[in-house]
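Descriptive analysis of the structure
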Amino acid sequence: MDYYWYIWMMNVRLTQEQKTYVLNSDDVYKIMQQVLLRENKIGQNQEHFWAIGLDSQNKVLFIELVALGAVNRVNADPPDVFRMGIYKLAVRLILIHNHPSGSLKPSDADLSLTDRMLKVGKLINIDVADHLIISTVSYVSFKNEGIMDDLLHSGNYEIISKEEAKFKQWKIETDKAIAIAKKMKKDGLDIDIIKKYTGLKKWDINRL
């Protein structure tokens with residue numbers, strides 16, 4: 001691909017029709033289908049990764065081609081994905097990429113990348129609302145499939161404070177002590193012995 005053509009494509013110029021309000025994934029796909037058809041004339045055998053930035057009213061602020069990849073993969077890093085969103089004061093982002101093979105099934109790499117971007121967006125207060133895999137004829141929405149909700153609670157790529165980390169560790173240790181205390185109590189051991197080896201208070205042991 002010619003270098004200057006690639007640079008021109010990095011910021012997709014919006015038509016008046018595309019400067020619209022996004023209400024659902026169908027609206028996103030209608031916009032991106034046009035973009036994909038145009039770009040496919042140049043790199044139809046490559047995966048493209050775009051980001052759409054929206055304001056608080058879900059109006060499209062920008063469409064940016066973040067990265068070009070190979071026939072079956074594309075890499076995108078958080079600074080590249082969120083740069084324009086931060087600059088344009090976007091409230092939320094929608095991620096989009098194509099599969100040249102025509103398959104719309106998310107790969108493990110697609111899920112991991114989405115999870116990572118979701119957690120980074122959470123940290124910087126830009127909501128990653130959806131991720132679409134598209135072709136010239138159809139698409140799949142991670143949000144519609146419930147994938148975004150699953151990733152939100154995946155436990156991966158989380159950045160937590162020292163206090164949260166300490167609380168989680170305390171919770172793990174307490175749950176372990178309770179499980180041991182229940183077994184010891186069931187075996188008829190004295191409460192003082194249970195207290196000694198688990199660190200639990202007598203009141204808590206009596207309630208088990």
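Residues numbered from 1 in each chain as written. Predicted model: local features only at pLDDT ≥ 70, side-chain atom pairs only at ≥ 80, totals over all residues. Heavy atoms only, no water.

**Re the overall build of the chain**
Going by this rule: Secondary structure is summarised from DSSP: a helix means a run of H or I of at least four residues, a strand means a run of E of at least two, and numbering begins at the N terminus for each. A 1.4 Å probe rolled over the protein chains alone gives each residue an accessible area, and that area as a share of the maximum for its type sets the label: buried under 20%, exposed over 50%, partly exposed in between. Contacts between residues were defined by any pair of non-hydrogen atoms, one from each residue, lying within 4.5 Å. Computed by Shrake-Rupley with a 1.4 Å probe, the accessible areas treat only the displayed protein chains as cover when residues are assessed.
If you tally the helices and strands in the chain, you get eight helices and six strands. Reading the chain from its N end, one meets helices and strands in the order α-β-α-β-β-α-β-α-β-β-α-α-α-α. The 208 residues of the chain split such that 39% are buried. Once local pairs closer than 6 in sequence are excluded, the contacts in the chain between residues at least 24 apart make up 64%. A total accessible area of about 12900 Å² is found for the chain, and carbon and sulfur atoms account for 53% of it.

**Concerning the pairing of strand β4 (residues 92-98)**
Short version of the rule: A pair of strands is considered paired only if DSSP assigns at least 2 bridges between the two. The crossover handedness rule: strands pointing away from the viewer, path from first strand over the helix to second strand clockwise, crossover right-handed.
The buried count for β4 comes to six of seven residues, which makes it a mostly enclosed element. Here strand β2 (residues 48-54) runs beside β4; their pairing, made up of six bridges, is antiparallel. Looking at the pairing, F49 lines up with H97 of β4. After leaving β4, the chain enters helix α4 (residues 108-124) and then returns to the sheet as strand β5 (residues 127-134), a path that is right-handed.

**Concerning the confidence of the model for the chain**
What counts is decided by this rule: pLDDT: the predictor's confidence for each residue, scored from 0 to 100.
Taken as a whole, the chain shows an average pLDDT of 83; of its residues, 85% reach a score of 70 or greater. Of all secondary-structure elements in the chain, the lowest mean pLDDT belongs to helix α1 (residues 3-9), at 38, while β5 reaches the highest, 96. For the stretch residues 1-10, pLDDT sits under 50, and the model shows 16 contacts to residues farther than four places along the chain or on other chains.

**Some remarks on unusual backbone geometry**
Within the chain, N58 stands out as a residue other than glycine whose phi angle is a positive 65°. Following the sequence through the fold, N58 ends up in the loop between β2 and β3 (60-68). The residue L89 is not glycine, and still its phi comes out positive at about 60°. Along the chain, the position of L89 falls in the loop between α3 (78-87) and β4.

**A closer look at the pattern of salt bridges**
Using the following cut-off: Salt bridges are defined as contacts in which a side-chain nitrogen from Lys or Arg sits within 4 Å of a carboxyl oxygen from Asp or Glu.
The full count for this structure, using the stated rule, is five salt bridges. Two residues, E64 and R83, come together in a salt bridge whose shortest N-O distance is 2.7 Å. Of this pair, E64 sits in strand β3 while R83 sits in helix α3, and the two are 19 residues apart along the sequence. Ionic pairing is found between D115 and K119, a salt bridge with its closest N-O pair at 2.8 Å. On the criterion of helical spacing, the pair formed by D115 and K119 is a turn pair, its members being four residues apart in helix α4. For the residue pair D115 and K119, the accessibility class agrees, reading buried in each case. Linked by salt bridges that have partners in common, E64, D80 and R83 make up one network.

**Here's the deal with the environment of N156**
As for its placement among the helices and strands, N156 is situated in the loop between α5 (147-152) and α6 (162-186). Look at N156 and you get partly exposed, because its relative accessible area is 41%. C-alpha separation for the pair N156 and S112, spaced 44 residues apart in sequence, amounts to 8.9 Å.

**Here's the deal with the nonpolar core**
Heads up, the condition is: By nonpolar core is meant a set of buried Ala, Val, Leu, Ile, Met, Phe, Trp, Tyr and Cys residues that side-chain atoms within 4.5 Å join together.
In this structure, F49, V66, V81, F82, M117 and V128 are the most contacted members of the largest nonpolar core, which totals 24 residues. Elements that contribute at least two residues to this core include exactly β2, β3, α3, β4, α4, β5 and α5. If we ignore the near neighbours within four places in the chain, the residues touching V81 are F49, A51, V66, A76, L93, L95 and M117. Core analysis: the second largest hydrophobic core is formed by 19 residues, V28, L54, V60 and Y139 among them.

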